[in-house]
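# Descriptive analysis of the structure
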Amino acid sequence: MNSNTARRKTRQRTAIEQVFSKHERPLRVDEVLAYGRQFVEPLDKATVYRNLNILVDNFWLKRLFHPSLGTLYERTGKGHHHHFHCRECNRAFELPGCALKEDVAAPDGFVLEDHEIFLFGVCQSCLGVVK
Ligand SMILES: [Zn+2]
Ligand SMILES: [Zn+2]
């Protein structure tokens, strides 16, 4: 790897980190690509995938498997929480904390080990509440 290549990779990874700092919600790969291009050109899908994998390996990002949006990437270290999927704009939003009462959610005699909750509907900006 020559020094030019090394520099370009660093710039692209920095751009992807900037994307996640600016957009504080789980992102699809195509969103990372589109937002990343606002910070650095050129940026292609293979480069985005490669850098997302590195950031996951470094525990800076984690993958989230969403039933309708597929693989999403989000920052680590946020603790247990869930997501809201807007069906108008296909964006995922982070919800603060958890509203599920695990001790009453499972039937009697069942052992609950974990849970996943996915909410969906229409977000504030698609409803026109926020311009
Ligand atoms: Zn929306
Ligand atoms: Zn929960």
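Below is a short write-up of the structure.

Assigned secondary structure in the protein chain consists of 5 helices and 5 strands. Starting at the N terminus and walking to the C terminus, you meet the elements of the protein chain as α-α-α-β-β-β-β-α-β-α. Its C-alpha radius of gyration of 18 Å places the protein chain more than 25% over the 14 Å reference for a compact globule of 131 residues. By the burial criterion, 31% of the 131 residues in the protein chain qualify as buried. When contacts within the protein chain are restricted to residue pairs at least 6 apart in sequence, those whose partners lie at least 24 apart make up 46%. Side chains of the protein chain carry 19 positive and 16 negative charges; the gap between the two charge centres is 12 Å.

Here we come to the nonpolar core. Residues I16, F20, V32, V48, L52, L61 and Y73 are the most contacted members of the largest nonpolar core, which totals 17 residues. Contributions of two or more residues to this core are made by α1 (3-22), α2 (29-36) and α3 (45-57). If we skip the residues at most four places from it in the chain, V32 touches I16, V19, F20, L27, V48 and L52.

Let's shift gears to the coordination of the zinc ion (ligand 1). Looking at the zinc ion (ligand 1), one finds its protein donor set to be C86 (SG), C89 (SG), C123 (SG) and C126 (SG), positioned 2.3 Å from the metal centre. Each of the 4 donor atoms bound to the zinc ion (ligand 1) contributes to angles spanning 100 to 118°, and the resulting shape is tetrahedral. The sequence pattern formed by the donor residues of the zinc ion (ligand 1) is C-x2-C-x33-C-x2-C. One end of the pair, C89, is in the loop between β3 (82-86) and β4 (92-95); the other, C123, is in the loop between β5 (118-121) and α5 (124-127), with 34 residues separating them in the sequence. When its relative accessible area of 8% is taken as the criterion, C123 is described as buried.

With that out of the way, let us pick up the pairing of strand β2 (residues 70-75). Taken together, the 6 bridges between strand β1 (residues 61-66) and β2 define a ladder with antiparallel strand orientation. Across the sheet, the residue bridging to R63 is Y73, located in β2. Between β1 and β2, which pair antiparallel one after the other, the connecting turn spans 3 residues.

With that out of the way, let us pick up a negative patch on the surface. A cluster of acidic residues, E102, D103, E113, D114 and E116, forms a negative patch on the protein surface. Residue placement: E113 occurs in the loop between α4 (102-105) and β5. Of the residues examined, E113 reaches a relative accessible area of 75% and is grouped as exposed.

Time to look at the coordination of the zinc ion (ligand 2). Binding of the zinc ion (ligand 2) to the protein goes through H80 (NE2), H82 (NE2), C98 (SG) and H115 (NE2), at separations of 1.9 to 2.2 Å. Around the zinc ion (ligand 2), the 4 donor atoms are arranged such that angles at the metal cover 101 to 113°; this shape is classified as tetrahedral. Of the residues examined, H82 reaches a relative accessible area of 5% and is grouped as buried.

With that settled, consider the packing of aromatic side chains. Taken as a whole and judged by the stated rule, the model has 1 aromatic pair. Arranged with centres 6.4 Å apart and planes meeting at 85°, the rings of F20 and W60 form a pair that is edge-to-face. Taken together, the residues F20 in helix α1 and W60 in the loop between α3 and β1 connect sequence positions 40 residues apart. Here F20 falls in the buried class, since its relative accessible area comes to 3%. Of note, R25 hangs over the ring of F93, and the distance from its end group to the ring centre comes to 5.7 Å. Against the face of W60 rests R75, its NZ or CZ located 3.7 Å from the ring centre.

The rules behind these values
Residues numbered from 1 in each chain as written. Chains lettered and ligands numbered in written order. Predicted model: local features only at pLDDT ≥ 70, side-chain atom pairs only at ≥ 80, totals over all residues. Heavy atoms only, no water. Helix = DSSP H or I, 4+ residues; strand = E, 2+ residues; numbered from the N terminus. Rg over C-alpha atoms; globule rule 2.2 N^0.38 Å. Buried < 20%, exposed > 50% of the residue type's maximum accessible area, 1.4 Å probe, protein only. Contact = heavy atoms within 4.5 Å. Lys, Arg positive; Asp, Glu negative; His and termini not counted. Charge placed at Lys NZ, Arg CZ, Asp CG, Glu CD. Core = buried A, V, L, I, M, F, W, Y, C linked by side-chain atoms within 4.5 Å. Donors = N, O, S within 2.8 Å, 3.2 Å for Na, K, Ca; no water. Tetrahedral: all angles 85-135°; square planar, octahedral: opposite > 155°, others 65-115°. Pairing = 2+ DSSP bridges. Patch = residues over 30% accessible without salt bridge, like charges linked within 9 Å, V, L, I, M, F, W, Y side chains within 5 Å. Areas by Shrake-Rupley, 256 points an atom, 1.4 Å probe, with all protein chains shown as cover. Salt bridge = Lys/Arg side-chain N within 4 Å of Asp/Glu carboxyl O. Phe/Tyr/Trp six-rings, centres within 6.5 Å; stacked < 30°, edge-to-face > 60°. Lys NZ or Arg CZ within 6 Å of the ring centre and 35° of its normal.

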